[in-house]
Amino acid sequence: MAEIEPYENALDAIPGAHPYPRTSRYHDAEIGIHRRPDGTEVRYTKRRLLPQLEPTPDSDLTQPHTVGAGERPDLLAQHYFGDVGQWWQIADANPVLDPRELTDEAGRVIDIPLAGGFPGGRGDRRV
């Protein structure tokens, strides 16, 4: 039996409904409009600031992961979230400019966000 696709995923497939799918890190980013001197409107995505992880007294919002040889952010996202496209959540939880820095050194300990760790976090976490 085929899985039924959630309603919000169906909306993601409609052109013009929203410029980014719900699983994108830019989905909640504000869209700006620039008007050129000729009156043409150009839509753009405004700057996306990294969300702050705010631990609560009852639980931590990340778990440590020791990087193994050959690991990559997208493979970690597949392992922890079940979706290679969610690598950006791991990148947001760690202080790096380039996501490749996360896994370029075996033995490095990085933070993996737990489900709901970021404001507006997406999806269920799988391990």
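Above this text sits the structure in question.
What counts and how
- Residues numbered from 1 in each chain as written.
- Predicted model: local features only at pLDDT ≥ 70, side-chain atom pairs only at ≥ 80, totals over all residues.
- Heavy atoms only, no water.
- Helix = DSSP H or I, 4+ residues; strand = E, 2+ residues; numbered from the N terminus.
- Buried < 20%, exposed > 50% of the residue type's maximum accessible area, 1.4 Å probe, protein only.
- Contact = heavy atoms within 4.5 Å.
- Salt bridge = Lys/Arg side-chain N within 4 Å of Asp/Glu carboxyl O.

Caption draft 1: A look at the overall build of the protein. Within the protein one finds 3 helices and 4 strands. Helices (α) and strands (β) of the protein occur, in sequence order from the N terminus, as α-β-β-β-α-α-β. The 127 residues of the protein split such that 23% are buried. Taking the intrachain contacts of the protein between residues at least 6 apart in sequence as the baseline, contacts between residues at least 24 apart amount to 51%.

Caption draft 2: A look at the pattern of salt bridges. Taken as a whole and assessed by the stated rule, the structure comprises 3 salt bridges. Here Arg35 ties to Glu41 by a salt bridge, and the two come within 1.9 Å at their closest N and O atoms. A relative accessible area of 53% places Arg35 in the exposed class. For Glu41, a relative accessible area of 44% translates into the label partly exposed. We note a salt bridge from Arg100 to Asp98, for which the minimum N-O separation is 2.8 Å.

None of this, on its own, says anything about what the molecule does.
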